[in-house]
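Spelled out, the chains give:
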Amino acid sequence: MASPIPDPLPVGLGVEIDRAVRLTDEGHVLVGGSPPSALRLPPEGVSSVIRWLSGAAPDRHGERRLARALLEAGLAHPRPASGIPVPGVQVAVVGAGDHLGLEATLDRLRYEHPDLRPVVVGATCLGARVARARGLHVVPGPLTGARARAIALRVCDAPVVALLDAGARPAPGWLATALAHFADPRVAAVVPRVLSERVRSGPPGMLVASLNTLHSDRGPDPAPIPPWGHGRHAPAPTHGPGASPEPVPALFVRRGLLDPDPSLGAAADVDLLWLLAARGWSVRYEPRSRVRATPGTDLRSYLRSRFEVGAVAGP
């Protein structure tokens, strides 16, 4: 039976060939992906790929259909473009028990996006005072965790919700870069790159901060996040977008598809991503959308988080 014809990539969305992919047979065959595969291009596809390598975006219907095929094969990735129509977004901040971290996040959001009106979930006492002093809506709920994020997804009414942990500081361009992926109706979620702030403390605090940084940064390369951390696009990796169910301090989700499972604790976010991918949605890791976070330096808390992640990773 013939393979179904892929839906074309939306007009205006760029594409970039994965940097590990190689062109052979005078540019007619792409070799790469994970696990490695080979795809022979039609004659007109050779010139298209050459154009994309120079920064051009797919324009004709056939080109956009070829781009979709390369994305599904793991040989290429979407490249967000400025000016492409995108759905509306609402930002929800959770983890409001840390009022100093909440204040830093809200101030950063106001500086980068003065027109945004973030929703704050679970803030009490000082945290609620910080939010209300900025004229923001405070939603009752847990301070942290999957239940707080599920509440945030329910109270927001925009097509896309940006979930942000208190204490995280978005870098310039984080919102527009991630949101451009949702111009593709197949995209259900986007994970930004999390970079750690430098911690000025000595051992063992510095060691713990370094270990936290190792686990939180998913690397500089864009990638799909496959179901359960592996699949036809990639074997189970030891590091990267699908490596293990690490907590996700920043996440963009198309509202109304799925809610995080509160019973999974720290792994609920990545379980949500894996479920979406397993149901046929596209889930992207976008390293050009960046969020900075301060890593923990307490050894006991670090070991506890490692245990919690490991406890749910196996099942």
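Quick notes on the rules
Residues numbered from 1 in each chain as written. Predicted model: local features only at pLDDT ≥ 70, side-chain atom pairs only at ≥ 80, totals over all residues. Heavy atoms only, no water. Helix = DSSP H or I, 4+ residues; strand = E, 2+ residues; numbered from the N terminus. Contact = heavy atoms within 4.5 Å. pLDDT = per-residue confidence, 0-100. Axes fitted to C-alpha atoms, helices over the stretch in contact; angles between N-to-C directions. Parallel < 35°, antiparallel > 145°, perpendicular 65-115°, else oblique. Left-handed = near helix turned anticlockwise from the far one by under 90°. Nonpolar A, V, L, I, M, F, W, Y, C, P; charged D, E, K, R; others polar. Pairing = 2+ DSSP bridges.

Caption draft 1: Inspection of the overall build of the chain at higher detail. When helices and strands are counted, the chain shows nine helices and 14 strands. Counting contacts in the chain only where the partners sit at least 6 residues apart, residues at least 24 apart contribute 74% of the total.

Caption draft 2: Inspection of the confidence of the model for the chain at higher detail. This prediction gives the chain a mean pLDDT of 82; 79% of its residues lie at or above 70. Ignoring residues within four places in sequence, the model shows residues 231–242, a span with pLDDT below 50, making 33 contacts including any to other chains.

Caption draft 3: Highlighting the packing of helix 3 (residues 99–112) against helix 4 (residues 125–133). Interhelical geometry of helix 3 versus helix 4 gives an angle of 15° and a closest axis separation of 9 Å. Of the possible angle classes, the one that applies to helix 3 and helix 4 is roughly parallel. Both helix 3 and helix 4 take part in a crossing whose hand is right-handed. In this structure, helix 3 contributes His99, Leu102, Glu103 and Leu106 to the contact, and helix 4 contributes Leu126, Gly127, Val130 and Ala131. Looking at the contact of helix 3 with helix 4 residue by residue, the classes come out as five nonpolar, two polar and one charged.

Caption draft 4: Examining the environment of alanine 176 more closely. Note on placement: alanine 176 falls in helix 6 (residues 174–179). Sequence spacing of alanine 176 and alanine 81 is 95 residues, and the spatial spacing of their C-alpha atoms is 9.1 Å.

Caption draft 5: Fine view of the sheet that holds strand 3 (residues 29–32). Spatially, 2-3-4 is the arrangement adopted by the three strands of the open sheet, whose pairing is antiparallel. Whereas interior strands pair on both sides, the edge strands pair on one side only; in this sheet they are strand 2 (22–24) and strand 4 (37–40). The sheet shows a mean angle of 25° between the axes of neighbouring strands, direction not considered. As judged from the four bridges shared by strand 3 and strand 4, these two strands associate in the antiparallel manner. Bridging across to strand 4, valine 29 finds its partner in arginine 40.

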